[in-house]
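Structural overview
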Amino acid sequence: IFSIVNGVMLRSTVDHSNGEVAEIYTARQQADRDFRQFSHQEYEALRAPSEVFDDVAAVTFALVGVGRDNALHRSFSFMVSENYYSIFGAIPAAGRFFSAEECRPNAEIPVAVASWNLWQRYGGKNEFIGSTLRVNDRLLTIIGVTPKGFSNGNALIAAEIWLPFGIFSTVANTYSDNVAVTDLNHPKNYTLNLVSSYPTAYYGH
């Protein structure tokens, strides 16, 4: 399942036609399209100020159960860095997006951003912000809603629920007890897909 999602869905997330946003890949020297994802440490290194990128954001996915009480349904979620939405110029339809503290690995701040469609399913009312939804076995407070139709540039799939990197371990623990898989700070946890924006002055060089 992960191979299908990673290869078809996550690697097709960026609309290259605007000439400002691009996906970043890493590969061994002389490798022929043998790509791998990035660790969080690599992401932070690439995000450091440079003349190449204006900003670099990260995203990965998880299959989760979403709902209230015991009425959960299986859904795709995207786990993102706090700057992910700004890369695409997205503005919340309601509430706000994640803070840097909420996206710090192992922060364990129980918040989530809902998709527009999920918001409408629960009535589309303002009081949805601040309410809680159960994601797997944990209650998360809804702090915002993505704009209508926002699917991070992907025409094939849109997440119902968005999660911060700060609760990565909680979600990953559902599927594995391997620290190399569940700890986002582990240097060999290659799980992140990166997107970037280019400085105007750099573009076209």
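A quick note: this is a predicted structure, and the numbers were derived from the prediction, not measured.

Within the largest apolar cluster, 51 residues are counted, with the highest numbers of intra-cluster contacts made by Tyr-85, Phe-98, Ile-161, Trp-162 and Leu-163. The leading source of residues in this core is strand β4 (residues 55-68), at eight residues. Filtering out sequence-adjacent residues up to four positions away, Tyr-85 remains in contact with Val-80, Ala-90, Phe-97, Phe-98, Val-113, Thr-146, Phe-150 and Trp-162.

So, about the environment of Gly-144. Take Gly-144: it is sitting in strand β9 (residues 138-145). The sequence separation of Gly-144 and Trp-116 amounts to 28 residues, and the corresponding C-alpha distance is 9.6 Å. The residues touching Gly-144, leaving out its near neighbours within four places in the chain, are Ala-94, Gly-95, Arg-96, Ala-112, Val-113, Ala-114 and Ile-129.

If you walk through the whole model with that rule in mind, you get two cavities of 30 Å³ or more. Size it by volume and the second largest cavity reaches roughly 40 Å³. Looking at the second largest cavity, the residues that line it are Val-135, Asn-136, Arg-138, Leu-140, Ile-167, Thr-170 and Val-171.

Now for the pairing of strand β10 (residues 161-164). What you see with β10 is no split at all: Ile-161 and Leu-163 on one side and Trp-162 and Pro-164 on the other are buried throughout. As defined by bridge partners, strand β5 (residues 71-80) adjoins β10 across four bridges and the pair is classed as parallel. Across the sheet, residue Met-79 finds its bridge partner in β10, namely Leu-163. Pairing between strand β7 (residues 111-114) and β10: two bridges, direction antiparallel.

Cut-off values and rules
- Residues numbered from 1 in each chain as written.
- Predicted model: local features only at pLDDT ≥ 70, side-chain atom pairs only at ≥ 80, totals over all residues.
- Heavy atoms only, no water.
- Core = buried A, V, L, I, M, F, W, Y, C linked by side-chain atoms within 4.5 Å.
- Buried < 20%, exposed > 50% of the residue type's maximum accessible area, 1.4 Å probe, protein only.
- Helix = DSSP H or I, 4+ residues; strand = E, 2+ residues; numbered from the N terminus.
- Contact = heavy atoms within 4.5 Å.
- 1 Å grid on protein atoms, 1.4 Å probe; cavity = no way out; pocket = protein on both sides within 12 Å on 5 of 7 lines; lining within 4 Å.
- Points joined across faces, edges and corners; volume = space filled by probe spheres on them.
- Pairing = 2+ DSSP bridges.

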